Each structure stands twice: as C-alpha cells, then as structure tokens.
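Single-letter residue listing:
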Protein chains: 2
Amino acid sequence: MAAAEFWYEFASTYSYPAAMRVASLAEARGVTIAWRPFLLGSIFATQGWRDSPFNIYPAKGRYMWRDLQRICAALKLALKRPEPFPQNSLLAARTALALEGEARANFSRLVYAAEFGEGLPIADRTTIAALLAKLGLDPEGILAQAEGEANKARLKAEGARAAELGIIGAPSLVTDDGEVFWGNDRLEQGLDWVAGRRD
Amino acid sequence: MAAAEFWYEFASTYSYPAAMRVASLAEARGVTIAWRPFLLGSIFATQGWRDSPFNIYPAKGRYMWRDLQRICAALKLALKRPEPFPQNSLLAARTALALEGEARANFSRLVYAAEFGEGLPIADRTTIAALLAKLGLDPEGILAQAEGEANKARLKAEGARAAELGIIGAPSLVTDDGEVFWGNDRLEQGLDWVAGRRD
C-alpha cells in the first residue's frame with residue numbers, strides 16, 4: 001500500500017487544518033499515513049530564528065492569521081488564537097511520540113483542537129492529561145513515559161531526521177520516494193504523488 | 001463585473017506559473033484582472049532581507065526549486081533557472097508599467113517565459129527590447145518611456161501601495177474588498193472569493 005509520513009509541529013498554525021484533513025484525504029487515495037510529531041526549533045535556529053517567523057515578521061504574521069481564518073472558515077473549523085503564540089509544544093510532542101498508531105493520531109487531533117480551536121494552553125500538564133483521559137488512556141503512565149530519557153532522545157532524533165529529509169517547515173508530507181511537500185496547501189498534491197498520480 | 005488585482009514581481013519564481021495561469025482562471029470565473037507589476041525589494045528590506053529569502057535560507061531555496069519543478073511539470077511549463085538568481089527585475093518592471101491593458105499582460109508573460117522557461121537575463125536591455133519587438137511594439141520608444149522620471153516614480157508608488165495593502169510576497173491577488181491571497185497556490189481561492197463563492 002502507498003505510504004507517506006505526515007510531519008507536524010504542535011506550535012504550527014497551518015499544521016492544525018492539515019492534521020484535521022490528512023486522514024480522510026489519505027484514505028480517499030488509499031494512502032497509509034505515519035504521524036511524525038517533531039519540533040521545528042532546531043531547524044528554525046539554523047535559519048537564525050529564535051521565535052516564530054510570524055512574530056519576527058509582523059506583516060507575515062498578520063497575513064498568516066487572516067489566511068488561517070479563511071481556511072478554517074471554509075473547513076468549518078473553530079479558530080481561537082492561543083496566548084502566548086507560539087505555544088511551547090515540547091510536552092505535547094513528547095506525549096504524542098510516546099503513543100503509537102491511532103492513539104497518536106487521535107491525541108494529536110485533540111491537541112490541535114484544544115490549542116487552536118479553543119485557545120487552550122497546551123504547555124500545561126493539566127491540558128495534556130485531560131486530553132489523554134478523554135481518549136480513555138492513562139495520563140500519569142503516559143506522561144511518565146513521555147518524559148523518560150529514551151523518549152526525549154527519540155524526539156531529538158526525529159528533529160534531526162526531519163532536517164535530513166529536507167524539511168523546512170510544518171506540516172510536511174514526505175513521500176515513500178523522498179519528496180517533501182510543505183504546507184497544508186500541498187497535502188492533496190503530495191498524496192496524489194504517493195498514490196501514483198504524478199501528472 | 002468582479003475584479004481583482006494581480007500583483008507580481010519579475011524576480012519571483014512562483015509568479016511565473018501564476019502569471020501563466022491567472023488569465024484563464026479569472027476568465028472562467030468572470031473576473032477581470034488588473035496586472036500590477038511591483039518590486040518586492042523595499043518590502044523585503046523592512047524584514048531585514050537584502051537578497052532573496054531563497055538564497056538567505058539555502059534549505060528553503062532547495063525546497064522551492066524542487067517544488068517549482070513539480071508545479072511546472074504538472075502545468076507543462078518549461079523551467080530553466082536563470083543565473084544569477086534572482087534576476088534584477090527593475091527594467092522589466094518599469095517596462096511592464098509603461099504598458100497598459102493586454103499589452104502589459106502579454107509582455108509580462110513573455111518576460112516570465114524568457115526568464116524561467118529559457119533562463120534568459122531579463123536585466124539586459126537587449127532581452128527586453130526583443131520581447132517588445134516580438135509583440136509588435138516599438139522597443140526604443142517604450143524603453144524611453146519606461147525609464148522616464150514619471151514612470152520611475154510611479155513604480156516606487158506601486159511598491160508603497162503594495163506594502164499598504166498588506167502584501168508580503170509575490171504573487172499576490174488582492175480582491176475588491178481588500179483581501180490578500182499570497183502565492184500561486186492561492187489563485188483559485190482568491191478568484192473564487194472575488195466571484196462570490198466564499199464558502
């Protein structure tokens with residue numbers, strides 16, 4: 001079966017609509033998705049950025065929020081800007097990585113809905129624990145695993161792998177033949193590529 | 001009739017496929033397009049950039065060229081990277097601005113085809129003069145007008161207007177109600193907006 005990796009960062013605004021869309025778009029094309037949470041921080045740092053480019057460049061930030069508003073309206077997704085922006089995504093990323101398969105995908109969608117749909121603080125342990133409980137999972141056990149040394153190291157390795165693949169932003173779809181499609185607006189094109197429709 | 005402005009920069013890679021697509025996409029939706037050539041330089045300068053962001057951030061540049069290759073292949077557009085990149089677009093922009101209506105649109109498409117389809121140096125007077133001649137226009141007369149003080153000042157004013165509209169990159173489609181849609185990949189969405197399909 002055709003397969004693609006969906007690389008996403010919980011602090012990334014455009015990853016929100018992408019995370020909400022990717023499963024059904026992939027299913028419609030018979031493509032299997034591996035969910036790969038990672039942190040963009042080290043990739044941004046190599047570009048000299050210590051904050052979100054949407055904060056560093058205010059005009060770009062204004063454009064992005066309006067663009068996202070239009071996108072979410074078209075998809076009938078709630079949108080509420082979290083404060084501060086960007087949210088610290090470390091705990092959410094570690095937690096997602098500690099889960100596997102459908103649990104990881106479901107948890108990730110819940111995080112995005114909480115963060116950008118309701119404006120909730122995803123850096124808070126209580127927010128993350130509540131989302132895990134909502135999925136019928138054991139919050140304390142999973143958080144302990146998420147913050148274990150092995151999982152922390154694994155998340156760092158994921159970031160290094162992302163850079164190696166040529167990922168420069170999130171979300172990015174990486175195909176089985178190494179193509180990178182960056183952006184919520186490239187999901188269809190990337191999945192078509194994987195499904196063999198490369199016209 | 002519904003109307004939109006198409007703001008483009010001759011040094012901009014993604015403006016190439018957009019310039020080749022915008023007329024037929026607009027016609028299909030009954031939208032009139034005003035072609036607005038401008039220079040991104042002063043907008044980039046406010047972000048601290050003195051070169052193309054695709055040169056400043058090499059990983060971003062690598063991604064962009066591959067992305068553009070895929071886009072041009074799908075549209076069956078030739079693609080040849082001009083050297084140096086970016087090309088100095090001042091003369092082409094002044095010349096386009098000195099033309100009106102269909103002549104401006106036709107000239108602009110020829111510039112993009114020469115620059116990114118054939119890799120020709122668009123900063124050269126001989127290139128620009130040849131394109132004008134191809135359109136049956138008077139190269140010397142138009143170049144003299146293009147480099148007149150009034151036209152130079154007009155191009156500067158266009159750049160200021162672009163910044164005022166909230167434009168942060170090229171191509172950008174600006175709707176009659178002030179929405180900005182940035183990127184070749186937002187053309188359809190922007191034109192749908194103008195045509196009243198704002199779902």
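I will try to describe carefully the structure that is included in this document. (Residues numbered from 1 in each chain as written. Chains lettered and ligands numbered in written order. Predicted model: local features only at pLDDT ≥ 70, side-chain atom pairs only at ≥ 80, totals over all residues. Heavy atoms only, no water.)

## Some words on the interface of chain B and chain A
Under the convention used in this document: Whether two residues are in contact is decided by their heavy atoms: any pair within 4.5 Å suffices. Joining two parts hides part of their accessible area as seen by a 1.4 Å probe, and the buried area is that hidden amount summed over both. The term salt bridge refers to a pairing of a side-chain nitrogen on Lys or Arg with a carboxyl oxygen on Asp or Glu at a separation within 4 Å. Starting at the N terminus, helices and strands are each numbered in turn, a helix being any DSSP run of H or I of at least four residues and a strand any DSSP run of E of at least two.
Listed as interface residues are 22 residues of chain B and, on the opposing side, 22 residues of chain A. A buried area of about 2200 Å², summed over both sides, lies between chain B and chain A, and 51% of it is on carbon and sulfur atoms. The interface formed by chain B and chain A holds eight salt bridges in total. Across the pair Arg70(A) and Glu179(B) runs a salt bridge whose closest N-O atoms are separated by 2.7 Å. Elements with a contribution of two residues or more to the side of chain B that touches chain A: helix H4 (58–75), strand S4 (180–182) and helix H10 (187–194) of chain B. For the side of chain B that touches chain A, the element with the most residues is H4(B), which contributes eight residues.

## Section: the pairing of strand S1 (residues 2–8) of chain A
Residue and element names in this part refer to chain A. Going by this rule: At least two bridges found by DSSP between two strands is the condition for calling them paired. The definition of a right-handed crossover adopted here requires that, viewed with the strands pointing away, the path from the first strand over the helix to the second runs clockwise.
With seven bridges connecting them, S1 and strand S2 (residues 31–37) associate as parallel partners. Looking across to S2, one finds that Ala4 is bridged to Ile33. Regarding topology, helix H1 (residues 15–28) serves as the crossover connection from S1 to the parallel S2, and that connection is right-handed. In this sheet, strand S3 (residues 172–175) lies alongside S1 in antiparallel orientation, the contact comprising four bridges. The partner of Ala4 across the bridge, within S3, is Thr175.

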